[in-house]
Amino acid sequence: MRRRAVDFRRPLRRRFPNALWWVLCGFAVLLFIFTLSRGNQMESGPVIPTRYRNDRLMEGLNITKEMLNPNSVSRQLNDQIALAKAFVVIAKESNNLQFAWELSAQIRISQILLSNAATRRIPLTIRESENAIRDMALILYQAQQLHYDSATMIMRLKAKIQALEEQMSSVSEKSSKYGQIAAEEVPKSLYCLGIQLTGEWFRNSNLQRKTKDRKQIDMKLKDNNLYHFCVFSDNILATSVVVNSTSINSKSPDKIVFHLVTDEINYAAMKAWFSINSFRGVVVDVQKFADFTWLNASYVPVLKQLQDSETQSYYFSGNNDDGRTPIKFRNPKYLSMLNHLRFYIPEVFPALKKVVFLDDDVVVQKDVSDLFSIDLNGNVNGAVETCMETFHRYHKYLNYSHPLIRAHFDPDACGWAFGMNVFDLVQWRKRNVTGIYHYWQERNVDRTLWKLGTLPPGLLTFYGLTEPLDPSWHILGLGYTNVDPHLIEKGAVLHYNGNSKPWLKIGMEKYKPLWEKYVDYSHPLLQRCNFH
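- By the naming in an unreviewed UniProt entry, the protein chain goes by Hexosyltransferase and is assigned to Prunus avium.
- UniProt, in its Sequence similarities (unreviewed entry) section for the protein chain, records the words "Belongs to the glycosyltransferase 8 family."
- One UniProt comment on the protein chain, placed under Pathway (unreviewed entry), says "Glycan metabolism; pectin biosynthesis."

Structure (structure tokens):
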């Protein structure tokens, strides 16, 4: 193939100038983008210098320049002191008291140096702290040679924590046990009062004659236009406080009737006390449950259970379960019919239509006559609910592993409190509530539905039959916990539920005056029995 003539060849391209042109264009574009971005930054706000940001961070975390200084002598001393304190604990645990003393002495020397520097507000220099740092380093090295290293220290501290937890558990168990025993004991003064009153009752025939001549009182006991309260108790002084506080704070004490039921032992003493003393015209009637002919094992399932030797052994000795039964289960009150009589109020007071049930560990500090006009909306029981916290719901009190409980009761249903309850006895009889109670008691012979007390069977018996009352009617917790003073001030009935009853030495001192102001300590019998 022939080559073209020289004149017809393509001219050679000058590539270098073209490449330079493209580079210049790209640089211009980058410069434009950079300028635009700087403009946006200035519009959005000023750039915060790095040093300024660090200063603000130091201020927020309370960090000083001395702490950030890589050559800080103070920080080195503080680190040594922290490690030495840990070694002191280990040395003491190892019974190396001499070495623990040496460590403590060196710690004090270092702390004095730091204190002096802080006082004069001038950082420590290497020269003045050289000896302290060297001496501390030597003694820390010696601690490491004694195998006071971190791994050993952690292991020993864990063992110490475990031992302390076991000790705390043991102390807590003993405290609970002794507290329970103290709560169950009858103080000498109360025992003395009972003896004195019983003797007075049988010596003074006028007291017995006074109680027999009471036709007008008998009419009031059945008058449903009056305010009827009932208390089941063997504690004379506690019952007296309930009656006295109710009468003092009532606008119409002459309309109040108290129905007291006690046992055979305290019957004469209770009769004598309420015959000797008057309570602003309040009518007080005392009965003993031994006189209730219907109260027998054939009608009352719990009475049959309470007479059972196996049940008594369970409550008092716990031998049937290798001692696993908590001591609180062995409280004699769970074997007392006075504790279970609340489920037979319609039988105890057949002529009444509505009553307010009060425990003997309450104080009434306001007029409570309005309780009798509260509409229970067809329910049987008016009570204050206690389900503000999770542990006061039904699942806390009942055994939900049992199919009967699971099938009939909502585990998250609200619990409520015994101690101040309004009972509509008409609805009670209509709905056969006592029969419901019997049904559940008969199915709990083996104690698989609930363990103890009257609240669990109460929750079962009055399930769907309880009307919630305003919480201010009934303030709980004064016998075991701290209660909001505002709640106490607004409360109508204060309840000392728990072991720390106000008449016991273990009672909570700050709540005792609320109860004691209804006790007349100048009374001759109380003086004689050393009440103070």
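As for unusual backbone geometry
For residues besides glycine, phi is generally negative; the peptide bonds are generally trans as well.
For step 1, the next point in the chain: In this structure, Asn377 takes a positive phi of about 55° despite not being glycine.
For step 2, the next point in the chain: Tracing the backbone through its elements, the reader meets Asn377 in the loop between strand E5 (362-364) and strand E6 (381-383).
For step 3, the next point in the chain: Taking the relative accessible area as the measure of exposure, Asn377 reaches 51% and is therefore exposed.
For step 4, the next point in the chain: Unusually for a residue other than glycine, Asn432 sits at a positive phi of about 50°.
For step 5, the next point in the chain: With respect to the helices and strands, the residue Asn432 is situated in the loop between helix H19 (425-430) and helix H20 (433-442).
For step 6, the next point in the chain: By relative accessible area, which is 46% here, Asn432 ends up partly exposed.

Comments concerning the packing of aromatic side chains
The way to describe two aromatic rings as a pair is by their centre distance and the angle between their planes.
For step 1, the next point in the chain: Using the criterion set out here, one finds 26 aromatic pairs in the structure.
For step 2, the next point in the chain: Aromatic pair Tyr344 and Tyr437: ring centres 5.8 Å apart, planes at 85°, arrangement edge-to-face. With Tyr344 in the loop between helix H15 (337-340) and helix H16 (345-348) and Tyr437 in helix H20, this residue pair connects regions lying 93 residues apart in the sequence. The two residues Tyr344 and Tyr437 agree in class, both being buried.
For step 3, the next point in the chain: Plain terms: the ring middles of Trp428 and Phe462 are 5.4 Å apart, the flat faces sit at 80° to each other, and that makes the pair edge-to-face. Residue Trp428 is found in helix H19, and its partner Phe462 is found in the loop between helix H21 (455-461) and strand E8 (466-468); the two are separated by 34 residues along the sequence. An identical accessibility class is assigned to Trp428 and Phe462; each is buried.
For step 4, the next point in the chain: Directly above the aromatic system of Tyr267 lies the positively charged group of Lys288, at a separation of 4.2 Å from the ring centroid.
For step 5, the next point in the chain: Above the face of the Phe418 ring, Arg342 is positioned so that its terminal group lies 4.9 Å from the ring centre.

Side note on the state of the cysteines
For step 1, the next point in the chain: Overall, the coordinates contain two disulfides when judged by the stated rule.
For step 2, the next point in the chain: A sulfur-sulfur separation of 2.1 Å characterises the disulfide bridge that pairs Cys192 with Cys529. Residues Cys192 and Cys529 are joined through a disulfide that is left-handed, its torsion about the S-S bond being -75°. Of this pair, Cys192 sits in helix H8 (residues 188-203) while Cys529 sits in the segment after helix H24 (524-528); the two residues are 337 residues apart in sequence, bridging distant segments of the chain.
For step 3, the next point in the chain: Covalent S-S linkage joins Cys387 and Cys414, the inter-sulfur distance amounting to 1.9 Å. Every disulfide takes its handedness from the sign of the S-S torsion; for Cys387 and Cys414 that torsion is 60°, giving right-handed. A residue pair is termed long-range when its members are at least 10 positions apart, and Cys387 in the loop between E6 and helix H17 (394-397) and Cys414 in the loop between helix H18 (403-408) and strand E7 (420-424) qualify at 27 residues.

What counts and how
Residues numbered from 1 in each chain as written. Predicted model: local features only at pLDDT ≥ 70, side-chain atom pairs only at ≥ 80, totals over all residues. Heavy atoms only, no water. UniProt positions renumbered as here; feature names shortened; annotations may be inferred. Helix = DSSP H or I, 4+ residues; strand = E, 2+ residues; numbered from the N terminus. Buried < 20%, exposed > 50% of the residue type's maximum accessible area, 1.4 Å probe, protein only. Phe/Tyr/Trp six-rings, centres within 6.5 Å; stacked < 30°, edge-to-face > 60°. Lys NZ or Arg CZ within 6 Å of the ring centre and 35° of its normal. Disulfide = S-S within 2.5 Å.

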